[in-house]
Amino acid sequence: MLKSMLLVGSVGIGSLYWQQRWRYIVIHHSAGAFGDIAFLQEVHRQRQAQDPIDAIPYHYVNGNGNGLGMGEIANDSRGELHIWGAHVSGNNTDRNFRGIGICLIGNYDVTTVPEPQYLALVGLTRTLMSRYAILPGNVAGHGRIAGEATRCPGKFFPMQRFMRDIS
């Protein structure tokens, strides 16, 4: 219902509202082996019932072959309409309002990121950085942001390699 309320003709309010505000990219992992848009939306409804946007908390999801194809990039209305995210805590609201959230399906506290999924993440991140003039210093893993109490995107996420690959 909210999605239909956000549409003005065939143009979403997000398309009219401040698309160039994006200044950050935040990398996450789902911490679960399975995931697709429908599953993540149901989890979000349970965990963040107060979110007025009925959408996944992230702007993009990167599949691991279990729910979404390996390295498949998907989004829903939050990404399509450029709506603020709900992917970091209240300690960093600016990262929600001006940060693009990308979630890799998988638990990278227990295993390494599959190479095709990793390469898709690098490609997507570079594209977004170029499109919105986001600097490498404004790209971070969720748990690497001051005030966030999480290991996300996981202890086996190759953060140093990732930062080199996007620079």
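Structure first, text after, so check above.
Residues numbered from 1 in each chain as written. Predicted model: local features only at pLDDT ≥ 70, side-chain atom pairs only at ≥ 80, totals over all residues. Heavy atoms only, no water.

Visitor: Got a sec to walk through the sheet that holds strand S7 (residues 139-141)? Specific residues and values, please.
Guide: Spatial ordering of the open sheet is given by S5-S4-S6-S3-S7, a layout of five strands whose pairing is mixed. Whereas interior strands pair on both sides, the edge strands pair on one side only; in this sheet they are strand S5 (73-74) and S7. By the bridge criterion, three bridges tie strand S3 (residues 24-29) to S7 in an arrangement that is parallel. Within S7, the position partnered with Val 26 by the bridge is Ala 140. (Pairing = 2+ DSSP bridges. Helix = DSSP H or I, 4+ residues; strand = E, 2+ residues; numbered from the N terminus.)

Visitor: Lay out the nonpolar core in plain terms, naming residues and giving numbers.
Guide: In this structure, Ile 25, Ile 100, Ile 102 and Phe 162 are the most contacted members of the largest nonpolar core, which totals 22 residues. At the level of secondary structure, the elements contributing two or more residues to this core comprise S3, strand S6 (99-104), helix H6 (115-132) and helix H7 (159-166). Looking at this core element by element, the count peaks at seven residues for H6. Excluding residues within four positions of it along the chain, Ile 25 makes contact with Ile 100, Ile 102, Thr 125, Leu 128, Met 129, Ile 134, Asn 138, Val 139 and Ala 140. (Core = buried A, V, L, I, M, F, W, Y, C linked by side-chain atoms within 4.5 Å. Buried < 20%, exposed > 50% of the residue type's maximum accessible area, 1.4 Å probe, protein only. Contact = heavy atoms within 4.5 Å.)

Visitor: I'd like to hear about the packing of aromatic side chains, residue by residue, with values.
Guide: The geometry of an aromatic ring pair comes down to the distance between the two centres and the angle between the two planes. Taken as a whole and assessed by the stated rule, the structure comprises four aromatic pairs. Here Phe 34 and Phe 39 contribute two aromatic rings whose centre-to-centre distance is 5.5 Å and whose plane-to-plane angle is 80 degrees, an arrangement assigned as edge-to-face. The partly exposed category is assigned to Phe 34, whose relative accessible area is 34%. In this structure an aromatic cluster arises from ring pairing among Tyr 118, Phe 157 and Phe 162. (Phe/Tyr/Trp six-rings, centres within 6.5 Å; stacked < 30°, edge-to-face > 60°.)

Visitor: How would you summarise the side chain of His 44 if you had to cite specific residues and measurements?
Guide: Looking at the secondary structure, you find His 44 in helix H3 (residues 37-47). Judged by its relative accessible area of 5%, His 44 falls in the buried class. Sequence-distant contacts of His 44, defined by excluding residues within four places in its chain, comprise Ala 49, Asp 51, Ile 53, Ala 55, Ile 56, Pro 57, Arg 78 and Ala 86.

Visitor: Hey, could you go over unusual backbone geometry for me, with residue numbers and the actual values?
Guide: At the junction of Cys 152 and Pro 153, the peptide bond is cis and its omega measures out at 10 degrees in the coordinates. Relative to the helices and strands, Pro 153 resides in the loop between S7 and H7. Positioned with a positive phi, Ala 31 is a non-glycine residue whose angle comes to about 65 degrees. Looking at the element boundaries, Ala 31 is found in the loop between S3 and H3. Positioned with a positive phi, His 82 is a non-glycine residue whose angle comes to about 60 degrees. Mapped onto the elements of the fold, His 82 is located in the loop between helix H4 (77-80) and helix H5 (93-97). What makes His 82 buried here is its relative accessible area of 14%.

Visitor: Could you give me a rundown of H3, with the residues and numbers involved?
Guide: Those residues of H3 that sit buried are Ile 37, Leu 40, Gln 41 and His 44. Around the axis of H3, the buried residues are gathered within 100 degrees of arc, so they sit on the same side. Within H3, the exposed residues directed more than 90 degrees away from the buried face are Ala 38 and Gln 46. The secondary structure elements touched by the buried residues of H3 are strand S4 (60-62), S5 and H4. (Arc of directions from axis to C-beta.)

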